[in-house]
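Structural overview
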Amino acid sequence: MRTEAVRGFTRRRGAFVAEISGDERTILARVVADTSELLGVRLGPLEEAPDGVSRPGDPATDPLAGLAWSADGLLTPADPALARLLPDASVTDDEVSAEFRRLTEAELRQTKTARLRMVWMALQAPGSEVRVAPEHAMEWAGALNDVRLVVAERLDIRTEEDAEELHRAALRRSTGGSDQDEVREALGMLYSALSWLQESLLQVMLPTLDD
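Worth saying up front: this structure is predicted, and the values here are computed from it rather than measured. (Residues numbered from 1 in each chain as written. Predicted model: local features only at pLDDT ≥ 70, side-chain atom pairs only at ≥ 80, totals over all residues. Heavy atoms only, no water.)

Attention now moves to the packing of aromatic side chains. Taken as a whole and assessed by the stated rule, the structure comprises one aromatic pair. Summarising the aromatic geometry, the rings of Phe9 and Trp140 are spaced 6.1 Å apart at their centres and angled 80° between planes, so their arrangement reads as edge-to-face. Placement of the pair is Phe9 in strand S1 (residues 6–12) and Trp140 in helix H4 (residues 137–154), with a sequence separation of 131 residues. Taking the relative accessible area as the measure of exposure, Phe9 reaches 4% and is therefore buried. (Phe/Tyr/Trp six-rings, centres within 6.5 Å; stacked < 30°, edge-to-face > 60°. Helix = DSSP H or I, 4+ residues; strand = E, 2+ residues; numbered from the N terminus. Buried < 20%, exposed > 50% of the residue type's maximum accessible area, 1.4 Å probe, protein only.)

What follows is about the sheet that holds S1. The three strands lie next to each other as S1-S2-S5, forming an open sheet whose pairing is antiparallel. Looking at the sheet topology across the chains shown, the edges are occupied by S1 and strand S5 (129–132). Strand-to-strand twist in this sheet, taken as the mean axis angle between neighbours without regard to direction, amounts to 20°. Of the pairings in the sheet, the one linking strand S2 (residues 15–20) to S5 comprises four bridges and is antiparallel in character. Among the inter-strand pairings, Ala18 is bridged to a residue of S5, identified as Val130. The sheet strands contacting helix H1 (residues 22–38) are S1, S2 and S5, and the helix crosses S2 at an angle near 110°. (Pairing = 2+ DSSP bridges. Axes fitted to C-alpha atoms, helices over the stretch in contact; angles between N-to-C directions. Contact = heavy atoms within 4.5 Å.)

What follows deals with the nonpolar core. Counting residues in each nonpolar core, the largest one holds 44 residues, and the members touching the most others are Phe9, Trp140 and Leu201. For this core, the element with the highest residue contribution is H4, accounting for nine residues. Setting aside anything within four residues of it in sequence, one finds Phe9 in contact with Phe16, Val17, Ala18, Val130, Val132, Trp140, Leu197, Ser200, Leu201 and Val204. (Core = buried A, V, L, I, M, F, W, Y, C linked by side-chain atoms within 4.5 Å.)

A separate point is helix H3 (residues 94–124). Bending of H3 peaks at approximately 55° at the position of Thr104. Where H3 begins, one side-chain oxygen reaches toward the backbone nitrogen of Glu95, 3.0 Å away; that side chain belongs to Asp93. (Bend = angle between axes of the 7 residues up to and from the residue. Polar contact = N/O pair within 3.5 Å; in protein donor to acceptor, adjacent residues only side chain to side chain.)

As enumerated under the stated definition, the model contains 13 salt bridges in all. Across the pair Glu129 and Arg131 runs a salt bridge whose closest N-O atoms are separated by 3.7 Å. Accessibility expressed as a relative area gives 36% for Arg131, which makes it partly exposed. Several salt bridges converge on common partners, so that one network encompasses Arg12, Glu19, Glu129 and Arg131. (Salt bridge = Lys/Arg side-chain N within 4 Å of Asp/Glu carboxyl O.)

Right, let's get into the packing of H3 against H4. With their axes 9 Å apart at the nearest point, H3 and H4 run at an angle of 95° to one another. Comparing their axes, H4 and H3 come out roughly perpendicular. Contacts from Lys112, Arg115, Leu116, Met118, Val119 and Ala122 in H3 reach Glu139, Trp140, Gly142, Ala143, Asp146 and Val147 in H4. Its residues placed into classes, the contact of H3 with H4 shows seven nonpolar, one polar and four charged. (Parallel < 35°, antiparallel > 145°, perpendicular 65-115°, else oblique. Nonpolar A, V, L, I, M, F, W, Y, C, P; charged D, E, K, R; others polar.)

Counting buried positions along S2 gives six out of six residues, so the element sits mostly inside the fold. What you see with S2 is no split at all: Ala15, Val17 and Glu19 on one side and Phe16, Ala18 and Ile20 on the other are buried throughout. Pairing of S1 with S2, which is carried by five bridges, proceeds in the antiparallel orientation. Looking at the pairing, Arg12 lines up with Ala15 of S2. Between S1 and S2, which pair antiparallel one after the other, the connecting turn spans two residues, and Arg13 there sits at a positive phi close to 50°.

On their own, these measurements won't tell you what the molecule is for.
See below:
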């Protein structure tokens, strides 16, 4: 992802606005959709009603319509990336974790996928501007963080030191690496871009939090 094609969020005319070019929007939209699918929801278009208001479509085209998850026998997800999105309530008590998942996991999945859908829809809009209303900024920050967590897991990033080492490796990268190196490098650039975009949003949000 080319960082020169992405400009972080600034406050402009009562909204938080980022500049993201077409290719970068496509990449971000894809990883947002992948994260939502990891949570169990495949993103699709909204239908436009006769009054011009966009609403979720029928279940065949809109996975959020009539959405429900079973809460019976919930276990820690086998995919470590999903486990980072839906962590255990206790690392020592399986019964506590299972009960917590039974009570909260369906709602948590729905909250996360709704946030991801909001970001995904904004990235589908024409033009390079991505506008975020202040009242939706926290939802955006949460969605970007969820995508970051998934990418971080794929890169084995567990600590700040891991992230810093990834950054140092990117600075000293050279041409002629293996295909695996190229994939890791691309994921590393994506992780850095997501981190920077989220940080820029948090920075413009700070003066408005008291409001």
